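# Coordinate analysis (summary)
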Amino acid sequence: MTEQLLAHTSSTGRVETLDEHSRRVAATACRLAKKFDADDLGYTAGLLHDLGKMKPGFQAKLRGEVNSISHSGEGARFVVEHYLERPIPAAIARLIAFAIAGHHAGLANGISPCNGRTPLQNRISSAESVQPWFPLQELPKLDRLPHSLAVAKQNPFAWAFFTRMLFSAVVDADFLETERWMAEAEGRSLSRGWKGELIELKNALDGYLNTHFSTVSDATEIARLRAEVLADCRSAAASAPGFFSLTVPTGGGKTLSSLAFALDHAISTGLDRVIYVIPFTSIVEQTADVFRQALGDDNAILEHHSAFDAEKLERVSAKDADFGLQKLRLAAHNWDRPIVVTTAVQFFESLFAARPGRCRKLHNIARSVVILDEAQTLPLKLLRPCLAALNELVRGYSTTVVLCTATQPAVTKSHLKAPEALDKVSEIISPTRNLFGRLKRVRAEVGATLSDKQLIGALTSVDQGLVIVNNRRHARELFEDMRRAKIEGARHLTTAMTAAHRQKTLDDIRTDLKLSRPVRLISTSLIEAGVDISFRTVWRAWAGLDQMVQAAGRCNRNGELGTDGGLLTIFEPEAVEGRRPPRELVQNAEVAKRVLRDQTDPMAPEGIEAYFRELLWIRDDGGKWLRLDDARVGERNLHGIIKAIDETKHGLNFPFADIADAFCMIEEVMVPVIIPATSHYAGGAPASLIEKLKFVPYPGGVARELQRFVVQIPRTIRGSLLVDGAAQIVREKDFGDQFVILTNLSLYDPQSGLRWEDPTFRKVEALII
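None of these values were measured; they are calculated from a predicted model.

Further remarks concern the overall build of the protein chain. Helix and strand counts for the protein chain stand at 31 helices and 23 strands. Its C-alpha radius of gyration of 27 Å places the protein chain within 12% of the 27 Å reference for a compact globule of 769 residues. If you line up the protein chain on its principal axes, its C-alpha atoms span 90 × 70 × 55 Å. Within the protein chain, the fraction of its 769 residues that count as buried is 58%. Across the protein chain, contacts joining residues at least 24 apart in sequence account for 75% of those joining residues at least 6 apart. If you sum the accessible surface of the protein chain, you get close to 31,100 Å²; carbon and sulfur atoms cover 51% of it. Both charge centroids of the protein chain, one from 95 positive and one from 94 negative side chains, sit 1 Å from each other.

Set out below in structure tokens:
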């Protein structure tokens, strides 16, 4: 009797045959890829993805033999050879081969190695020739192009983008079906996803807005304006999917109004979910909390912003070469919820990623409403590939994209001449609203250069004021000077604090503002990222004009001081060694200064438009737009991701691994340090949570809970803390360097957060025995 071909075995003795697993993955991949008209491709890739497991050596491995035999190349080789005869199937088969060969190790380069990763060409040539166990007539003919490729014609970016989306569907199908079988084999129940309907969330939001939101007949101008913004969002929601802009001044109620548009639009056009993309991690939790309060359904909302490397945790936790239970219990996100709140870094880097854990969610972006909050923060050095990806989502994947901001970037074809500029962007707000004129709450003054002493003196002259500077060091030094001078109401806000610490600080500040107590706050630019707070007077160091507008949004935010009742003073900080802001910020500030020579009001829409037009114009490079795609790709150091794709289009040999390495929105690698709670500071991680981390077999849930109690710092700095004994790694053997806990608690100040200049520093009371 012939032995069964196995796909998986479990600790309970149960087995899953290769035929069962492959057909289940094929059916699921078919369903997932159908959203972008690639169901036949998904089915084919799913059916063949584990073809290499037929090899006797791999079957022996599944039955307990220790060997290093792989299995992903054989399916890739077969699909290329099987569809070789005709052009369309052969081209499509090449894309399927990328997905099959990479379903464990990740998408490879077509022909060149990348950091030790074998290219697709080598994976295929080194694979064994294996014939499927099923009749070949079961394989689809693949004689037509999916819609997204048919309309793209010869656009190589579209073909590379499609490959990554197909890869996502196959990888997620494999994860889901393996997870389902493993749970069944061990007698565990498996609860995944959300079981409700979007209409339920819409009804909940309608009820909340009716209770908490203003109406057009309300007495105050700002209340009426917010109601009008909501009404325009509701009205525009019935439009067909595409590009939209939502241009509303700060304080105009964009967050909930954009959610109302997104839900109404998704229901009206049959889309699946809402993805809310936020530029900064610091406000993801805040936005998600607003949505939970409005929708009343915690399970419907997924926050995806990991302080820890989830994919690395998956790799170090897996004890076998297959998709074992250890790996799956970490529950890598596939965005299978109706509301996803994530960061721009997570969103865009995933769209250019190569690893399975990072890519498995991508198919769920298709048929979604994507809200890009603070759209002006799109990174200029990667603007062209970002816009190209957005164009693909709208053109080929039935996705709606909303650019939501008070300061719209000049990225449409009427302003930007780069090929990837957006076309046919519909503004949601009626032009007759005159929002900016009616919501003018702040007058702006351009001041002189201010020394630290002068700046503190100006802040001390008011009972409640806010100073925003361009780097963390300057903010800390200003605060320390105020604290030494015992200035009443001195406060500090910085990313050197944990998220829980910042939230507690903001809550205290809001209470003091409400009770008319002195509040003199020194902050970095993080306070500009959607923080709902209002001062009478704000000082802002020179920066980009969009940041000036955001700073003004923290001044007389609700119009409580009347028209022009708030004052924004723009100043030049004194030059001090070690405080110079990044080169790009200096350049943005210079452009803002030139614009304000002709436009006295930094909040005026025409000034914002002029600012962004010049900002992009100086990156024209004679029409080549090189500085809007400034990544260096692969060993050849190609200038730009668009160019790297274009140069490898022949033979469809796209350098996926190189692109994933090159597409990096944050240049400096930041890593987390966990801050424990102490008797002096209660805002850190509870001892019980840290203790749990020391013993749990799978840390995914604990890691998510710990995110509120970490500070992100440069990797080199964390290394110094470890060397000097100021921090220690928890369970390095199990999880690598993922979990590092601060042990020298004197380095964490209850008012200003973590300071790492001297890792050996300890407070006197900590030295007393």
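Here the focus is the sheet that holds strand S11 (residues 464-468). Ordered by their spatial adjacency, 6 strands build an open sheet running S10-S15-S14-S11-S13-S12, and the pairing between neighbours is parallel. Strands with a single pairing partner mark the edges of an open sheet, and in this sheet they are strand S10 (442-450) and strand S12 (490-493). If you compare each strand with its neighbour and ignore which way they point, the axes differ by 20° on average. Judged from the 4 bridges that link them, S11 and strand S14 (residues 537-541) form a sheet pairing that is parallel. Looking across to S14, one finds that Leu466 is bridged to Val538. Each of S11, S12 and strand S13 (519-523) is contacted by helix H21 (residues 499-514), which is oriented at about 145° to S12, the strand it contacts most. Strands in contact with helix H22 (residues 545-552) are S10, S11, S14 and strand S15 (566-573); relative to S14, the strand with the most contacts, it is inclined by about 160°.

Here we come to unusual backbone geometry. Backbone geometry places Ser516, a non-glycine residue, at a positive phi of 60°. Secondary-structure assignment places Ser516 in the loop between H21 and S13. Judged by its relative accessible area of 61%, Ser516 is exposed. Positive phi, close to 55°, is recorded for Arg731, a residue that is not glycine. Assignment of secondary structure puts Arg731 in the loop between strand S20 (727-729) and helix H30 (732-735).

Below, the discussion takes up empty space enclosed by the protein. Enumeration over the complete set of coordinates arrives at 2 cavities of 30 Å³ or more. Here the largest cavity defines a volume of roughly 60 Å³. For the lining of the largest cavity, the residue count by class is 8 nonpolar, 1 polar and 2 charged. The space that makes up the second largest cavity amounts to roughly 30 Å³. Surrounding the second largest cavity, Glu74, Arg77, Phe78, Glu81, Glu128, Ser129, Val130 and Gln131 form its lining.

Once that is clear, we can look at the sheet that holds strand S4 (residues 273-278). Reading across the sheet, the 7 strands line up as S5-S6-S4-S7-S8-S3-S9 and stay open at both edges, with parallel pairing between neighbours. Each edge of the open sheet carries a strand with a single partner, namely strand S5 (301-304) and strand S9 (425-427). Each strand of the sheet is rotated relative to its neighbour by a mean of 20°, with strand direction disregarded. In this fold helix H15 (residues 344-351) packs onto S4, S5, strand S6 (339-343) and strand S7 (368-373), with an angle of close to 90° to the strand it touches most, S6.

What counts, and at which threshold
- Residues numbered from 1 in each chain as written.
- Predicted model: local features only at pLDDT ≥ 70, side-chain atom pairs only at ≥ 80, totals over all residues.
- Heavy atoms only, no water.
- Helix = DSSP H or I, 4+ residues; strand = E, 2+ residues; numbered from the N terminus.
- Rg over C-alpha atoms; globule rule 2.2 N^0.38 Å.
- Buried < 20%, exposed > 50% of the residue type's maximum accessible area, 1.4 Å probe, protein only.
- Contact = heavy atoms within 4.5 Å.
- Areas by Shrake-Rupley, 256 points an atom, 1.4 Å probe, with all protein chains shown as cover.
- Lys, Arg positive; Asp, Glu negative; His and termini not counted.
- Charge placed at Lys NZ, Arg CZ, Asp CG, Glu CD.
- Pairing = 2+ DSSP bridges.
- Axes fitted to C-alpha atoms, helices over the stretch in contact; angles between N-to-C directions.
- 1 Å grid on protein atoms, 1.4 Å probe; cavity = no way out; pocket = protein on both sides within 12 Å on 5 of 7 lines; lining within 4 Å.
- Points joined across faces, edges and corners; volume = space filled by probe spheres on them.
- Nonpolar A, V, L, I, M, F, W, Y, C, P; charged D, E, K, R; others polar.

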